[in-house]
Amino acid sequence: METGTMGETGGPAWVGLPGGLLTLRRTLLVMWTVLLAVVTSVVTGLTLGPVWAALGVFWLLVLVWGWVLLGRNWRSWRYAERADDLLISRGVLWREETVVPYGRMQLVEVTSGPLERRFGLASVQLHTAAAASDAKIPGLVPAEAERLRDRLTALGEARSAGL
């Protein structure tokens with residue numbers, strides 16, 4: 001019995017995430033770090049003296065560091081549709097690649113929370129029989145998320161028909 005994808009000439013065709021997810025995450029980073037910087041500066045300035053108000057600069061350094069890390073993390077996310085399975089790759093320091101066979105998928109859902117809707121994003125959640133192999137692709141354009149859901153559902157039904 002042969003397994004895997006047959007007949008491919010090269011590696012999988014990887015697709016990266018759209019920039020909206022990076023924009024959402026960086027917006028949240030700016031909002032939280034600026035809020036923390038202001039609160040830290042005001043509280044330490046009033047309680048310990050004006051010189052200590054400079055501790056708020058710490059959060060601005062966190063902002064710069066987080067800005068760079070979010071960009072690296074966003075670039076690490078990608079997915080590829082193959083003949084027999086879906087590949088999801090992510091991670092900067094610890095690379096993680098998830099392989100979800102189409103025949104093992106039980107549920108494919110598209111979700112979009114309030115912030116995701118505001119930024120025009122949706123996520124695709126894949127559920128399998130084994131909870132450990134569930135996978136998620138965040139930050140897709142809603143049309144692409146729905147297309148992926150429909151395609152994965154159709155492929156899942158076709159692959160599981162023989163079981």
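Residues numbered from 1 in each chain as written. Predicted model: local features only at pLDDT ≥ 70, side-chain atom pairs only at ≥ 80, totals over all residues. Heavy atoms only, no water.

> Describe the overall build of the chain, listing the residues and the values that go with them.
Helix and strand content of the chain: four helices and seven strands. Secondary structure elements in the chain, listed N-terminal to C-terminal, are β-α-α-β-β-β-β-α-β-β-α. Every one of the 163 residues in the chain was classed for burial, and the buried ones make up 31%. The long-range share in the chain, meaning contacts at least 24 apart out of those at least 6 apart in sequence, stands at 48%. For the chain, the exposed surface amounts to about 10000 Å²; the carbon and sulfur share of it is 65%. (Helix = DSSP H or I, 4+ residues; strand = E, 2+ residues; numbered from the N terminus. Buried < 20%, exposed > 50% of the residue type's maximum accessible area, 1.4 Å probe, protein only. Contact = heavy atoms within 4.5 Å. Areas by Shrake-Rupley, 256 points an atom, 1.4 Å probe, with all protein chains shown as cover.)

> Lay out the confidence of the model for the chain in plain terms, naming residues and giving numbers.
Reading predicted coordinates in detail is not appropriate for stretches of low pLDDT. Of the residues in the chain, 90% reach a pLDDT of 70 or more, and the chain-wide mean stands at 87. Averaged pLDDT values over the elements of the chain bottom out at 87 in helix α4 (residues 142-160) and peak at 95 in helix α2 (residues 57-76). (pLDDT = per-residue confidence, 0-100.)

> With reference to specific residues and values, describe the pairing of strand β3 (residues 85-90).
Of all six residues in β3, six are buried, a share of seventy percent or more. Burial along β3 is two-sided: Asp85, Leu87 and Ser89 facing one way and Leu86, Ile88 and Arg90 facing the other are all buried. Where β3 and strand β4 (residues 96-101) come together, six bridges link them in antiparallel fashion. Counted as the bridge partner of Arg90 is Glu96 from β4. (Pairing = 2+ DSSP bridges.)

> So what about the pairing of strand β2 (residues 78-81)? Which residues, and what values?
Looking at chain direction, strand β1 (residues 15-16) and β2 are connected through two bridges and run antiparallel. From the neighbouring strand, Val15 faces β2, where its bridge partner is Tyr79. Hairpin connection between β2 and β3: a loop of three residues separates the two successive antiparallel strands.

> Can you lay out a nonpolar patch on the surface for me, pointing to particular residues and giving the numbers?
A surface patch of nonpolar side chains, amounting to about 890 Å² of accessible area, comprises Val30, Val34, Val38, Val42, Leu46, Val57, Leu60, Leu61, Trp67 and Val68. Within the residue set of the nonpolar patch, elements represented by two or more residues are α1 (19-47) and α2. Under the relative-accessibility criterion, Leu61 is labelled exposed at 58%. (Patch = residues over 30% accessible without salt bridge, like charges linked within 9 Å, V, L, I, M, F, W, Y side chains within 5 Å. Salt bridge = Lys/Arg side-chain N within 4 Å of Asp/Glu carboxyl O.)

> If you had to explain the environment of Leu36 to someone new, which residues and values would you point to?
One can find Leu36 in helix α1. Assessed through its relative accessible area of 32%, Leu36 is described here as partly exposed. Measuring from C-alpha to C-alpha, the distance between Leu36 and Phe58 comes to 9.5 Å, with 22 residues separating the pair along the chain.

> I'd like to hear about the packing of α1 against α2, residue by residue, with values.
Helices that pack against each other are described as a pair by the angle of their axes relative to one another and the distance between those axes. Here α1 crosses α2 at 165°, and the two axes come no closer than 9 Å. Between α1 and α2, the crossing angle belongs to the class labelled roughly antiparallel. Between α1 and α2 lies a crossing of right-handed hand. Counted together, Gly19, Leu21, Leu22, Arg25, Arg26, Leu29, Val30, Thr33, Leu36, Ala37 and Thr40 of α1 and Trp59, Leu60, Val62, Leu63, Gly66, Trp67, Leu70, Gly71, Asn73 and Trp74 of α2 form the full contact between these two elements. (Axes fitted to C-alpha atoms, helices over the stretch in contact; angles between N-to-C directions. Parallel < 35°, antiparallel > 145°, perpendicular 65-115°, else oblique. Left-handed = near helix turned anticlockwise from the far one by under 90°.)

> So what's going on with the nonpolar core? Which residues, and what values?
The biggest cluster of nonpolar side chains holds 24 residues, and the ones touching the most others in it are Leu86, Ile88, Leu126, Ile137, Leu140 and Leu152. Those elements giving two or more residues to this core turn out to be α1, β3, β5 (105-111), β6 (122-128), β7 (135-140) and α4. The element best represented in this core is α4, accounting for four residues. Sequence-distant contacts of Leu126, defined by excluding residues within four places in its chain, comprise Leu86, Ile88, Val100, Met105, Leu107, Val108, Asp134, Ala135 and Leu152. (Core = buried A, V, L, I, M, F, W, Y, C linked by side-chain atoms within 4.5 Å.)

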